[in-house]
Amino acid sequence: MASPEPRGLVPFTRESLELMKQHIAKKRSEEHQEEDLKPNTDLEVGKELPFVYGNLPQGMVSEPLEDVDPYYKDKNTFMVLNKERTIFRFNARWFTFSPFSSIRRTVIKILVHPFFQMLILISVLIDCIFMVMTDLSNWEPVLQNTLLGIYTFEILVKLIARGIWAGSFYFFGDPWDWLDFSVTLFEHITRYSSLNFIPIFRIIRNLRILKIIPLNQGMKSFAGILIHCLRKLTGVTILTLFFLSVFSLIGMGLFMGNLKHKCLRWPQENETEALHNRTGNPYYIRETESFYYLEGERYALLCGNRTDAGQCPEGYVCVKAGTNPDDGYTSFDSFGWALLALFRLMTQDYPEALYHQILYASGKVYMVFFVVTSFWFAFCMVSLFLGIIAMSYEEEKQITAENAKKTEPKFQQTSKELQEGNGATETKTAQIEMKERSSASGILSLNVVGDDAVRRKEELKISRKGCSLCWYRFAKTFLIWNCCPCWSKLKEFIHMVIMDPFIDLFLTICIILNIYFLALEYYPMSEETNNVLSTGNLVFIGIFTAEMIFKIIAMHPYGYFQVGWNIFDSLIVFHGLGELYLINVHGLSLFRSFRVLRIFKLGKYWPTFKILMLTLRNSLVTLKDLVLLLVTFVFFSAVVGLKLFGLSYKECVCNIDKDCHLPRWHMYDFLHSGLNVFRILCGEWIETLWDCFKVAGEFSCISFYMMVILIGNLMILYLFVALVSSFSSFNTTTTEEDDEAKNLQRAVARIKKGTSYVLSRILCKKQSAPKETLDKVNDVHVKENISDHTLSELSNIQDCFSDKEKSRGTEKNTMTENESRSLIPSPSVSESVPIASGESDIENLDNKEIQSKSRDGSSKEKVKQSSSSECSTVDIPISEDEEMVYDHEKSKHLKSVSFLTDYRQRSLPGQISRGSKKGKVWQNIRKTCCKIVENSCFKCFIGLVTLLSTGALAFEDIYIDQKKTIKILLEYADMIFTYIFILEMLLKWMAYGLKAYFSNGWYKLDFMVVIVFCLSLIGKSREELKPLISIKFLRALRVLSQFERMKVVVRALIKTTLPTLNVFLVCLMIWLAFSIIGVNLFAGMFYECIDPISGERFPVSEVTNKNQCESLVFNESVPWENANLNFDNVGNGFLSLLQVATFNGWITIMNSAVDSTDVNMQPKFENNIYMYYYFISFIVIGLFLPLSMLIGVIIANFNRHKIKGGSNIFVTVKQKEQCHAVKNLMSEDSQKPVPRPRNKFQGFIFDLVTSQVFNAIVTVLICLQAITAVIQSDEQSPKMDTAHYWTEFTFVMLYTGECVLKLISFHCNYFTIAWNIFDFMVVIFSITGLFLPLMAGHYLVPPSLVQLILLTRVVHILRPGKGPKVFHHLLLPLMLSLPALLNFSLLIFLVMFVYAIFGMYNFAYVKKEAGINDVSNFETFGSSMLCLFQVTIFAGWDGMLNAIFNSKWSDCDPDKINPGTQVRGDCGNPTVGIFYFVSYILISWLIIVNMYIVVVMEFLTISSKKKSKTLSEDDFRKFFQVWKRFDPDKTQYIDSSKLSDFVAALNPPLFMAKPNKGQLIAMDLPMAAGDRIHCLDILLALAKRVMDKDVKLEKVLSELESGLLLADPFKITYEPITTTLRRKQEAVSATIIQRAYKSYRLRQSDKTMSDIPMTDGDREVQAAKEEACFDKAEEKSAIRSQI
């Protein structure tokens, strides 16, 4: 079919150039016209020309064409297309050759040819391959010269084709061309110059790797996006550096020199020499054996002089001596090292080591410093980075969507035009291209799941078009089996059988059993178990093979292999058969590991798994260029590390290792350099940085590491945000199920139907109850359920009295009751608290009271509807989350109550008369109980008792037996608390009834806690029940039900987390696959022979296997030990993978895996180095991707409930009001202005201290004071100490002077401003800190006290209105999220408290080793909290778990006597320890993730409000803040002359820049007498201007007007006498009339003077008059044009 004619493709000629020049000249003459055109995103350089422009004739290939993008019509450019329709753009102005020059045209053809691009790409890839090689001594120069020639030729081609200039589309206008030119030029200089540039050349040449980026358009686009994102991160980076500097200075003030405190043996053998050294230089004593070392530790034990710091053993004294730990690289002795330590804490890299060092040297009280820095500071900074990256990503996503919307109508219009002609085929292709471009034009458009069906059809059409006729004949002949009628009947029968729902159910059960069999493998495994598993494997292979064969018969091979899941099933079958064939071949453990693919067969019947995998596939396809960019950066960093530090590691290896062996983590070869870069990106960088310091110096190492950390983490975070955004639209309720999943449902439904039929037949035979008994049962049933049902439900129950369907109604009622027992309020079920049926007093039900209370809309506290007594009208109050449910169900409850009254009056007249007296007494008792339990004082008392009972648990540590008095008091307190809570429970039972009590989730929790109290008391009374005491830690859970903030957070967490259970199972299945692979690869290979003397592993040259190890005989038996974390079974594999996922102990696990050789063989150093790839695969596939899935689905649930609730679901109603107060507090003008004093002197000082210059001077002083603190160091001279003292004295005096000046000018108003109070306190404490050492001595007062006090003034930089606005915009989301974060903090503290008590009961006496030491242990409550804080930030829990793993006689002593207690032994319990740490990690991770989500979503909310054309409360507040300055008397009016200045002083979006008088006149504002304009009229007009045609405009304006009238109800109404437009017209008209009259008078005077002869002076006067008339005429014409 003929192709359509090219649309818009015109050759570029000299006439085209002339027309372009004329267009440019015309545009310059019309400069006042604004240019609205923007470049078309579909016609960008590097993209393919859309098909709507027609096919490309051969004559136009690689030839200059006129640009089809209208934006470039006046940009002096032309376009060139190659054979692949790729767009190239060049500048038409020439600085080398004309665009019509044959030389330039030839070079352009070379440049745009695909072969040229391929040549450059292949050259770069070859260069990259040979960069990683080290042995190229013979032919390296030839290769380098060849590649250099190719790069030089490329630059010459680009220079001639593009031109030498720095504008757009010139050679030097592209930064990537600049990079190529610089690298090539430098390479030529180093090649042909005599200067020695070899070290620099090794680094500069590596930049050649980055040439891959511009050769790929997608990678180039993502690089631009990341650079744009990096610009937005400038403010966050500056704020992070600011806080890092501040905390570094605080760390210097607190810990300077403390890490040099060590335990020195005293007295020494040579006391004179030691004392001489100490007095000569008190800061230095050599690291010798005189220091005390713990067993297995490399560095000396640190100590401190505080009582809570580390103490030295007997015979040792704590002195400041030697160097800092970690070879002197960990210290706070100078600002640089302190900054590195704080950056390490912020990134949470090995923080537990620094944590222990500081607590040993300074004291446990400084845990507060680590809580602030390593948790809150790190959390806030990471939240800010994530928030900005998420905002940037959403902006790019919106831009992509907008561009797609703009381009889609163009494609539709073009396709219609083509359809009118003869191009039907091309129309279809254009539509296909339109769909592809609309889904793929945006690099970041991830919502492509909906177009999957369309894409499949199009791909199928394209694939069919590409197939030859021979293939169709082959498929029809050999792949479609239609032999004979008998075969067809057999095929139909097999199709009916294999597609039956019960077959799918059977296959699903087989898959689950196969997974179970795969997970059963362990080491050491008996022969019998091995045979069972082998037999099971054969059975499952047979079943899956039979399934494949039957499906091939039923569907034909052609149809079978058209389905992706069938192809996957066939691969599994072929793998199983191949495994059977190679069963006797040794060393195929990796091949056997592919058995885990059978796990994913379950996904065929699991809709959640399929939709997640589909979303992941589409996301990765869209983000493939970003992934390639990340891989390129990792490769580049690895090569740079290899070239920069490789030789240094080899030459200076003895600085790292005493045996001069390369360590595991080095950069001498490319593999280890790449592994090192990957480790840095995982967050583990500080230890390898110390090694780098030893071999290559500090400057180069820090530069390289910071580059990898910052740029690499930016890419990872952006990729993570993109993946999370794609999964945030996941919804399990909208997933479509295919035939396999529906077959499972059909099979289950058939089983249920058959079971119910059999049961109904059996029950019908046995039913023999008399009718009277049945009626009584029905009566009771109605009484129990009458309060929980609506009118229609009760009528249904009455109909069931004589029907056999009563059981079904009972089932529904039971389901309703079960739903109401959840902690989450269900919108479909009212959470009423009825009184039990046996206690009902129906005769006294006061329906009028119920109805009046139900209709009372002005009541302060909504209550739930009553069930069966007057007492229940004061039932349990509805919480904030349930108010919407109450309003929704209000009418339904009223109908139910009215029906209830009629029903009871009709059916129970006799019962009312008989039980009225008893009922009144019982009713009064219950009323009294209700009043008691609902009393606020009673609730406060119970809350206080709850806190006391929870706090009492903290005293029961290992020293409780030594404190007899406290122990006795605690025993009596437990009894009192138990009785109080039992009494409270009984009162609530009386008040609400048992049914109501146990239908509330929080009351169930209280009941459980009461049971715990009783059991703990019983355990104390009997010795055999003593283990019951250990469950006392559950008492603390009662705090949840007593405080609304925690209840809100728990409810919200359940709402956002429970729906993710299905996704969590998918992630667990991925982990199961990796665990099974680990068992197949490493089972039984982590054993090693340990030297009992040194504690190190024997080398392979001495011990090669287990037998040789056991044959060695020393002083004690040599152990053949297994690693604590191994892959001997699936459970241990899960635990090992969890440590890898949290990056705790993962280096040890990887070392064991890499050194593994075989079962019962001694490990060898890096024998199996490629096993690193197993862990890299797990971190990427098993950690990064599942984490993005889980967080994305949690965000989806968060947004879903946020839309329902209308705001943050993690805060209470009061806290929502506090958020508004925080907004006002963060505003620039939140403080009331201080009136200026009337006294001249005070007024002068007032003007001085309130001026901008004075504030700038104070800010400079604050910065100078911080700089003086920066230059300090630990070993500075006495002169520096003196200079620093006088500098501090000077700053104190200057701040005192500032305080005095403000006191003089502000008077009492000085103390009405919080910042002034803060400054005053700083001055007072600073003066006290200066003179207190003179009176109390320097030993009692820290020398850095004044410095730390003065340093607090740096917070002035963050003051709203005073500091940079970017800080204000960054801190606002954090401040708005603060109430929710505080609620989360309370919940985290409660969880830590519960687990700390549990740890004290179970691990208090564990042997101190590994992660449990004198600082971090479970002996006391404080130490337990220290341990759990480490686990909260995922630091050091592997060491604590290793200590708890000591449960064997060889590792611990179960009969060890613990002084002061009756408990014996120091062994741990591995099972309890695993449960303890794993459960705590999961709970804390869940809470912390939701904290991040709250802050990031607050960022996105603020960003979306700014972009939307609407006005917020903050905009109105800022409007009135500016209004106060122009209307100080609060008249609500402003003079029209000030209107222009007023609107120019407003903040966006109400802001109107000058000149604005014309716009203000056009707004036609009403004016009152005296040319005054009301504030409401101005605000309404500006709001209309901003919101334009928004549908919400009228609503906002009406609310605004009503709100203003309510704020000032006594405002005098006024009638506008005119408007601004009318007043301007009147003024212009008056001017015209006056000038016309003056000109008339002038003409009349000229007539009278014409008859009189004029003198020279008269002529001059006449000329002046004529000139004035001419000027007036010009002004008149100007005024008319303005009108």
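About the criteria used
- Residues numbered from 1 in each chain as written.
- Predicted model: local features only at pLDDT ≥ 70, side-chain atom pairs only at ≥ 80, totals over all residues.
- Heavy atoms only, no water.
- Helix = DSSP H or I, 4+ residues; strand = E, 2+ residues; numbered from the N terminus.
- Buried < 20%, exposed > 50% of the residue type's maximum accessible area, 1.4 Å probe, protein only.
- Contact = heavy atoms within 4.5 Å.
- Areas by Shrake-Rupley, 256 points an atom, 1.4 Å probe, with all protein chains shown as cover.
- Disulfide = S-S within 2.5 Å.
- Axes fitted to C-alpha atoms, helices over the stretch in contact; angles between N-to-C directions.
- Parallel < 35°, antiparallel > 145°, perpendicular 65-115°, else oblique.
- Left-handed = near helix turned anticlockwise from the far one by under 90°.
- Nonpolar A, V, L, I, M, F, W, Y, C, P; charged D, E, K, R; others polar.
- Salt bridge = Lys/Arg side-chain N within 4 Å of Asp/Glu carboxyl O.
- Pairing = 2+ DSSP bridges.
- pLDDT = per-residue confidence, 0-100.
- Arc of directions from axis to C-beta.
- Polar contact = N/O pair within 3.5 Å; in protein donor to acceptor, adjacent residues only side chain to side chain.
- Phe/Tyr/Trp six-rings, centres within 6.5 Å; stacked < 30°, edge-to-face > 60°.
- Lys NZ or Arg CZ within 6 Å of the ring centre and 35° of its normal.
- Patch = residues over 30% accessible without salt bridge, like charges linked within 9 Å, V, L, I, M, F, W, Y side chains within 5 Å.

Peer 1: Any chance you could break down the overall build of the protein chain for me, citing the residues and the numbers?
Peer 2: Secondary structure assignment for the protein chain yields 63 helices and ten strands. Expressed as a percentage of its 1683 residues, the buried residues of the protein chain come to 46%. In the protein chain, once contacts between residues fewer than 6 apart in sequence are set aside, the share between residues at least 24 apart is 75%. For the protein chain, the accessible surface area stands at approximately 86400 Å², while carbon and sulfur atoms represent 62% of it.

Peer 1: Outline the state of the cysteines, listing residues and values.
Peer 2: Summed over the entire model, instances satisfying the criterion amount to six disulfides. Paired by a disulfide, C654 and C660 hold their sulfur atoms 1.9 Å apart. Between C654 and C660 the disulfide shows an S-S torsion of about 115°. By sign, it is right-handed. Note on C654: relative accessible area 45%, which makes it partly exposed. Residue classification places C660 among the partly exposed positions, given a relative accessible area of 36%. Shown here for the protein chain is a disulfide pattern of 1-3, 2-4, 5-6, 7-8, 9-10, 11-12, where each number marks a bonded cysteine counted in sequence order.

Peer 1: Would you mind going over the environment of L597 in detail, with residue names and values included?
Peer 2: Along the chain, L597 turns up in the loop between α21 (589–592) and α22 (607–622). The spacing of L597 and A1073 is 476 residues in sequence and 7.7 Å in space, taken between C-alpha atoms. With near-sequence residues (within four places) excluded, L597 lies in contact with F568 and I572.

Peer 1: Please give an account of the packing of helix α2 (residues 102–112) against helix α4 (residues 140–162) that cites residues and values.
Peer 2: Look at α2 against α4: their axes get within 8 Å of each other, and the N-to-C directions meet at 130°. For the element pair α2 / α4, the angle class is oblique. Note that α2 runs across α4; the crossing there is left-handed. In this structure, α2 uses I103, R104, V107, I108, I110 and L111 to contact α4, whose residues at the interface are F153, V157, K158, I160, A161 and R162. A breakdown of the residues in the contact of α2 with α4 according to their chemical character gives nine nonpolar, no polar and three charged.

Peer 1: For the pattern of salt bridges, give the residues involved together with the corresponding values.
Peer 2: Considering all chains together, one arrives at 51 salt bridges under this definition. K604 is paired through a salt bridge with E547; the nearest N and O atoms lie 3.4 Å apart. One end of the pair, K604, is in the loop between α21 and α22; the other, E547, is in helix α19 (residues 527–560), with 57 residues separating them in the sequence. Two residues, E1044 and K1047, come together in a salt bridge whose shortest N-O distance is 3.8 Å. Here the residue E1044 and the residue K1047 both occupy positions in helix α40 (residues 1044–1057), the gap between them amounting to three residues, near one helical turn.

Peer 1: Describe the pairing of strand β3 (residues 261–265), naming the residues involved and giving the relevant values.
Peer 2: Burial runs high along β3: four of the five residues are buried. Bridging between β3 and strand β4 (residues 316–320) involves five bridges; their strand directions are antiparallel. Bridge assignment links L264 to a residue of β4, and that residue is V317.

Peer 1: Tell me about the confidence of the model for the protein chain, and name the residues and values.
Peer 2: When pLDDT is averaged along the protein chain, the result is 78; 76% of the residues meet or exceed 70. With pLDDT under 50 throughout, residues 1–6 is counted as low confidence; its partners more than four residues away or in other chains account for 15 contacts. The low-confidence segment residues 1672–1683 (pLDDT under 50) makes eleven contacts with residues lying over four places distant or belonging to another chain.

Peer 1: Describe the side chain of D180, with residues and values.
Peer 2: The residue D180 is located in helix α5 (residues 175–192) in this model. When neighbours within four sequence positions are excluded, D180 is seen to be in contact with E154, I155, K158, R208 and K211.

Peer 1: Help me get a handle on helix α47 (residues 1240–1249), residues and values and all.
Peer 2: Within α47, burial applies to Q1242, G1243, I1245, F1246 and V1249. One side of α47 carries all its buried residues, which in axial view fall inside an arc of 165°. Among the exposed residues of α47, those pointing more than 90 degrees away from its buried face are K1240, F1241 and F1244. For α47, the elements touching its buried residues are α48 (1252–1270) and α49 (1278–1306). Regarding α47, its N-cap is N1239, as a side-chain oxygen of that residue lies 2.9 Å from the backbone nitrogen of F1241 further along.

Peer 1: Before we move on, could you go through the packing of aromatic side chains and cite the residues and values that matter?
Peer 2: Geometry of an aromatic ring pair is reported as the spacing of the ring centres plus the angle between the planes. In this structure the tally under the stated criterion is 87 aromatic pairs. With 6.1 Å between their ring centres and 75° between their planes, W337 and F693 make a pair best called edge-to-face. In this pair, W337 is assigned in helix α11 (residues 335–347) and F693 in helix α25 (residues 686–696), connecting sequence segments 356 residues apart. On the basis of relative accessible area, F693 is assigned to the buried category, the value being 5%. Taken together, the ring pairs connect F1033, Y1395, F1398, F1403, F1418, W1437, Y1476, F1477 and Y1480 into an aromatic cluster. Sitting over the face of the ring of W665, R679 holds its NZ or CZ atom 4.8 Å from the ring centroid.

Peer 1: Tell me about the packing of helix α53 (residues 1378–1403) against helix α54 (residues 1421–1432), residues and numbers included.
Peer 2: Between α53 and α54, whose axes approach to 9 Å, the crossing angle comes to 120°. Judged by the angle between their axes, α53 and α54 are oblique. Relative to α54, α53 is oriented so that their crossing is right-handed. Of α54, the residues touching α53 (which contributes F1389, M1392, F1393, Y1395, A1396, I1397 and M1400) are F1421, S1424, M1425, L1428, F1429 and T1432. Looking at side-chain class alone, the contact of α53 with α54 contains eleven nonpolar, two polar and no charged residues.

Peer 1: So what about a nonpolar patch on the surface? Which residues, and what values?
Peer 2: On the surface, a nonpolar cluster with roughly 720 Å² of combined accessible area is contributed by L538, F561, I567, L571, F574, L577, L580 and I583. Here the nonpolar patch takes five residues from helix α20 (residues 564–581), the largest share from any one element. In this structure, I583 sits in the loop between α20 and α21.

Peer 1: Before we move on, could you go through unusual backbone geometry and cite the residues and values that matter?
Peer 2: Here the amide bond leading from Y523 into P524 is cis, since omega sits at -5°, within 30 degrees of zero. Backbone geometry at Q348 places phi at a positive 55°, although glycine is not the residue there. Inspection of the secondary structure assignment puts Q348 in the loop between α11 and α12 (351–362). The phi dihedral of C660 is positive, around 60°, even though this residue is not glycine. Its place among the elements puts C660 in the loop between α23 (624–651) and α24 (670–681).

Peer 1: Outline the environment of N1129, listing residues and values.
Peer 2: By the element assignment, N1129 lies in the loop between β6 (1120–1121) and α43 (1130–1141). For N1129, the residues in contact, after removing those within four places along its chain, are E521, Y522 and V1079.

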